[in-house]
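# Fold and contact review
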Amino acid sequence: MLHNHGESHNTTRIGWLRAAVLGANDGTISVASLVVGVAASGAQQRSILLTGVAGLVAGAMSMAAGEYVSVQSQADTESADIEREKYELQVQPESELAELTSIYVSKGLDQPLARLVAEKLMSGDALLAHTRDELGITETLRARPIQAALASAVSFVVGAIVPIISVLVAPATRVTEVASVTALLTLAILGATAAYAGGAPVAKGALRVAFWGALAMGLTAGVGKLFGTVV
Ligand SMILES: [Zn+2]
């Protein structure tokens, strides 16, 4: 159980917030661009909506799959490191004790005290002490592939819902405009939130994300219009 140490908790919370905001960003930009592109081709509102929903499902699944694979490989690496540590503790406990002692010396303890702490901790759960202080793996920060995949998919869906709702409520002749404006507003809010979470200038963060969103939607609208006239 971690002591209530404000700094470490904030850092973890900021990490999650930034990941969620970036996931939502992807959802809004990719589905809004799809919707605007298809709308610009002159498609029916029903087809535009279908495209949006298909984009949401496809995007959420690909985000979840990508996140799962990358975090699972991190989890595999962590487990392999812990297994090797377990083995080293069995075959060479003396050099492991020396290693842990030197870690505490590098954290600022003098040699005798560092040795004492290392001996004390290794007489308890030696693997836990090495996993935490040598490998830097703690229960709180362990790689959790399923959780990460779910969080990534949910944040994508939250971002992608906005352009879909805008297609639902927009007048049939104004889908492109309504979808673009709501998407740009959403991206500006997300950009500002991510900047705020990271301690960066909020306005700059908002503008940056809105700019890329506008560029993506502009390009797909162009392709959609071209497609609509050619086909
Ligand atoms: Zn070790």
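Residues numbered from 1 in each chain as written. Predicted model: local features only at pLDDT ≥ 70, side-chain atom pairs only at ≥ 80, totals over all residues. Heavy atoms only, no water.

Turning our attention to the overall build of the protein chain. Counting its secondary structure elements, the protein chain contains eight helices and zero strands. Ordered by position from N to C terminus, the α and β elements of the protein chain give α-α-α-α-α-α-α-α. By the compact-globule yardstick of 17 Å for 231 residues, the protein chain is too spread out, its C-alpha radius of gyration being 25 Å. Taken over the C-alpha atoms alone, the protein chain extends approximately 80 × 35 × 25 Å along its principal axes. In the protein chain, once contacts between residues fewer than 6 apart in sequence are set aside, the share between residues at least 24 apart is 74%. (Helix = DSSP H or I, 4+ residues; strand = E, 2+ residues; numbered from the N terminus. Rg over C-alpha atoms; globule rule 2.2 N^0.38 Å. Contact = heavy atoms within 4.5 Å.)

Turning to the coordination of the zinc ion, a few remarks are in order. Only Glu85 (OE), Glu96 (OE), His130 (ND1) and Glu134 (OE) from the protein reach the zinc ion as donors, at distances of 1.7 to 2.4 Å. Taken together, the four donor atoms surrounding the zinc ion define angles of 81 to 155 degrees at the centre, an arrangement classified as irregular. Counting gaps between the donor residues of the zinc ion yields the pattern E-x10-E-x33-H-x3-E. (Donors = N, O, S within 2.8 Å, 3.2 Å for Na, K, Ca; no water. Tetrahedral: all angles 85-135°; square planar, octahedral: opposite > 155°, others 65-115°.)

Moving on, we get to helix H5 (residues 126-133). Buried within H5 are the following residues: Ala126, Ala129, His130, Thr131 and Asp133. In the core, the buried residues of H5 are packed alongside helix H2 (45-91), helix H3 (93-106) and helix H4 (111-123). In this structure Asp125 caps H5, since a side-chain oxygen of it lies 3.3 Å from the backbone nitrogen of Leu127. (Buried < 20%, exposed > 50% of the residue type's maximum accessible area, 1.4 Å probe, protein only. Polar contact = N/O pair within 3.5 Å; in protein donor to acceptor, adjacent residues only side chain to side chain.)

Let's shift gears to the pattern of salt bridges. Inspection of the entire model under this criterion finds eight salt bridges. Between Asp133 and Arg132 there is a salt bridge, with the nearest N and O atoms lying 3.0 Å from each other. We classify Arg132 as partly exposed; its relative accessible area is 34%. Where salt bridges share partners, they join Glu94, Arg115 and Glu119 into one cluster. (Salt bridge = Lys/Arg side-chain N within 4 Å of Asp/Glu carboxyl O.)

Turning our eyes to something else, we now look at the nonpolar core. Grouped together as the largest cluster of nonpolar side chains are 23 residues, with contacts concentrated most on Val31, Val35, Ile48, Phe156 and Val175. Beyond its immediate chain neighbours, meaning those up to four positions away, Val31 contacts Gly52, Gly55, Leu56, Phe156, Ala160, Pro163 and Ile164. Leu89, Leu97, Ile103 and Ala129 belong to the second largest nonpolar core, which has 10 residues in total. (Core = buried A, V, L, I, M, F, W, Y, C linked by side-chain atoms within 4.5 Å.)

Quick look at the side chain of Thr131 now. On the secondary structure map, Thr131 appears in helix H5. Those residues in contact with Thr131 that sit more than four places away from it in its chain are Ile82, Gly136 and Ile137.

What follows covers the packing of aromatic side chains. Applying the stated criterion across every chain yields a total of one aromatic pair. On the basis of an interplanar angle of 75 degrees and a centroid distance of 5.2 Å, the ring pair of Phe211 and Trp212 is categorised as edge-to-face. Assessed through its relative accessible area of 48%, Phe211 is described here as partly exposed. (Phe/Tyr/Trp six-rings, centres within 6.5 Å; stacked < 30°, edge-to-face > 60°.)

Okay, the environment of Thr140 next. As for its position among the elements, Thr140 is in the loop between H5 and helix H6 (145-169). With 108 residues separating them along the chain, Thr140 and Ala32 place their C-alpha atoms 36 Å apart.

Moving on to a nonpolar patch on the surface. Taken together, the side chains of Tyr68, Val69, Ile146 and Leu150 present a nonpolar region at the surface, about 400 Å² in accessible area. Contributions of two or more residues to the nonpolar patch are made by H2 and H6. Structurally, Tyr68 is set in helix H2. (Patch = residues over 30% accessible without salt bridge, like charges linked within 9 Å, V, L, I, M, F, W, Y side chains within 5 Å. Areas by Shrake-Rupley, 256 points an atom, 1.4 Å probe, with all protein chains shown as cover.)

Moving on, we get to H6. Given a rise of 1.5 Å per residue, 25 residues ought to cover 36 Å, and the 36 Å separating the end C-alpha atoms of H6 matches this to within 8%. Along H6, the sharpest change in direction is near 25 degrees and occurs at Ile161; proline Pro163 comes one to four residues later. (Expected span 1.5 Å × (residues − 1). Bend = angle between axes of the 7 residues up to and from the residue.)

To continue, consider the confidence of the model for the protein chain. Averaged over the protein chain, the pLDDT score is 90; the fraction of residues at 70 or greater is 94%. Per-element confidence in the protein chain is highest for H3, whose mean pLDDT is 97, and lowest for helix H1 (residues 6-40), whose mean pLDDT is 81. (pLDDT = per-residue confidence, 0-100.)

Moving on, we get to the environment of Ile82. Examined against the element boundaries, Ile82 turns out to sit in helix H2. The exposure class of Ile82 is buried, given its relative accessible area of 12%. Between the alpha carbons of Ile82 and Ser62 there is a distance of 30 Å; along the sequence they are 20 residues apart. With sequence-adjacent residues up to four places away left out, Ile82 is seen in contact with Leu127, Thr131, Leu135, Ile137 and Arg142.

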